[in-house]
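Summary of structural features
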Amino acid sequence: SPSIGANISNPTSAMHALHTSTGGGTGVGTGAGAGVGTIVGSSLSSSHHHQGDSHLAQKGASGTLSSDFYTPNAMVNTFHPDDPQIKSDVIRMIVQYLQEEGYPSAAMTLQDEANIKTKTLAAQRLQLRRMKRAILDGEWTEVEKLCAKAAFRNLKAFQYALYRQQYLELIDAQEFQKAFTLLNKRLKPLEPFALRSGEFSDLCYLLTCKSVADAPSFRDWSGVNSGREFLIDQFAMLLELEATDA
């Protein structure tokens, strides 16, 4: 039976073995080619799943294939579709295959699109880091600039929360004129994204107060630094970065 063996340097042979393995239920080799085997194994159609598992288990008993490699738990542990390295390896193999099969334009187009996507994601991660730092440092001019970027432009609820925090800090510092300007310029257009009913009215009421805690909606407000940290926690899913990028 044809298989993808230990030597995977020839993508044409690899693709041929992939075709036969998915069509005829034949095996995929282990060893140095296990990484490819993992990717290939994950793409087996559900219609061949149970039959393939039985066949592969028998193969494993004869020493041709490892039956453990194809158990469901092993598959989950070895193949992670969202792993950036796996995605990169798959793209590289496809590009190499297209080049060797005589499709240089297709290979070049795929490579260019992959590079553009990589650069775009890197730029977005950088903007996320800058936003998180700007919030914690109270660099509101930088926050406003970042809100115009693609990563945040359409996140209206997030923008409302940012400007609300800035507004509360201005009230806390008794800078009422600046607070009034921010209220009309930034918060008023985002009023529909207020987290609680009546919150915007309380923001307006704060212009007549001596303390942020005087307004019913903000009686639990615990100060500038705690407010910034709470904002980061509130949008942790958005601002959280991968450990490798932190």
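The present account deals with the structure reproduced in this document. Sequence order as written defines the numbering, with residues in each chain counted from 1. Side-chain atom pairs in this predicted model are given and counted only at pLDDT of 80 or more, local residue features only at pLDDT of at least 70, and totals for whole chains, interfaces and linings cover all residues. To get the side-chain values, all heavy atoms of the structure are used, and hydrogens and water are removed first.

**Some details on the overall build of the protein**
Looking only at helices and strands, the protein features twelve helices and zero strands. Helix and strand definitions here come from DSSP, where helices need a minimum of 4 consecutive H or I residues and strands a minimum of 2 consecutive E residues; each element is numbered from the N-terminal end. Its helices and strands taken in sequence order, the protein reads α-α-α-α-α-α-α-α-α-α-α-α from the N to the C terminus. A simple rule labels every residue: compare its accessible area, found with a 1.4 Å probe on the protein chains alone, to the largest value its type can have, and call it buried under 20%, exposed over 50%, or partly exposed in between. Here the protein holds 246 residues, and the buried ones make up 32% of them. Contact criterion: two residues are considered in contact whenever any of their non-hydrogen atoms come within 4.5 Å of each other. Considering only intrachain contacts with a sequence separation of at least 6, the fraction spanning at least 24 residues in the protein is 58%. Areas reported here follow the Shrake-Rupley algorithm with a probe of radius 1.4 Å; residue values treat only the protein chains shown as occluding. Of the accessible surface of the protein, which amounts to about 14,600 Å², a share of 54% is contributed by carbon and sulfur atoms.

**Describing the packing of aromatic side chains**
For this analysis, a ring pair means two rings from Phe, Tyr or Trp (six-membered ring only for Trp) whose centres lie within 6.5 Å, classed as stacked if their planes differ by under 30 degrees, edge-to-face if by over 60, and tilted for the remaining angles. Counted according to the given criterion, the structure contains two aromatic pairs. Measuring from ring centre to ring centre gives 4.7 Å for Phe158 and Phe235, while their planes differ by 70°; the resulting arrangement is edge-to-face. Taken as a pair, Phe158 in helix H8 (residues 156-172) and Phe235 in the loop between helix H11 (224-234) and helix H12 (236-239) lie far apart in primary sequence, 77 residues in all. Looking at Phe158, the relative accessible area reads 2%, which means it is buried.

**Observations concerning the pattern of salt bridges**
Any carboxyl oxygen of Asp or Glu that lies within 4 Å of a side-chain nitrogen of Lys or Arg is treated as forming a salt bridge with it. For the structure shown, the criterion picks out nine salt bridges. In this structure, the salt-bridge partner of Glu142 is Arg130, at a minimum N-O distance of 2.6 Å. Of this pair, Glu142 sits in helix H7 (residues 140-147) while Arg130 is found in helix H6 (residues 104-137), placing the two residues twelve residues apart along the sequence. Its relative accessible area of 22% is what places Glu142 among the partly exposed residues.

**Side note on the nonpolar core**
Grouping buried Ala, Val, Leu, Ile, Met, Phe, Trp, Tyr and Cys residues that are joined through side-chain atoms within 4.5 Å yields what is termed a nonpolar core. Membership of the largest hydrophobic core comes to 34 residues, with the highest contact counts inside it found for Met131, Tyr167, Leu203 and Leu206. Put simply, the parts of the chain that give this core at least two residues each are H6, H7, H8, helix H9 (176-187), helix H10 (199-205) and H11. What Leu206 contacts, discounting residues up to four positions off in sequence, is Tyr167, Leu168, Ile171, Phe176, Ser211, Val212, Ala215 and Phe218.

**Some remarks on H11**
For H11, the set of buried residues is Gly227, Arg228, Leu231 and Ile232. Down the axis of H11, the buried side of the element spans an arc of 140°, and every buried residue falls inside it. Away from its buried face, by an angle of more than 90 degrees, H11 presents the exposed residues Asn225, Phe230 and Asp233. What the arc describes is the spread of directions from the helix axis to the C-beta atoms.

**Quick word on the layout of surface pockets**
The rolling of a water-molecule-sized probe over the atoms marks out the regions of remaining empty space. A cavity here means a set of 1 Å grid points, computed over protein atoms only, where a 1.4 Å probe fits but cannot escape. A pocket is an open set with protein on both sides within 12 Å along at least 5 of 7 lines, and lining residues have an atom within 4 Å of a point. Grid points are joined across faces, edges and corners, and a volume is the space filled by probe spheres set on the points. Counted as a void, the second largest pocket has a volume near 300 Å³. As for the second largest pocket, its lining consists of 19 residues, of which Arg164, Arg196, Phe218, Trp221 and Phe230 are closest to the centre. Sorting the residues of the lining of the second largest pocket by element identifies H8 and H11 as the ones contributing at least two each. With five residues, H11 is the largest single contributor of residues to the lining of the second largest pocket. The class makeup of the residues in the lining of the second largest pocket is eight nonpolar, six polar and five charged. Each residue gets one label: Ala, Val, Leu, Ile, Met, Phe, Trp, Tyr, Cys and Pro are nonpolar, Asp, Glu, Lys and Arg are charged, and the others, such as Gly, are polar.

**Some points on the side chain of Glu169**
One can find Glu169 in helix H8. Its relative accessible area of 11% is what places Glu169 among the buried residues. Think of a polar contact as two N or O atoms within 3.5 Å of one another; within protein, one of them needs to be a possible hydrogen donor and the other a possible acceptor, and neighboring residues in sequence only count if both atoms come from side chains. Here Gln165 takes part through its side chain, which lies 2.9 Å from a polar atom of the side chain of Glu169. Not counting residues within four places of it along the chain, the set of residues in contact with Glu169 comprises Trp140, Val224 and Arg228.

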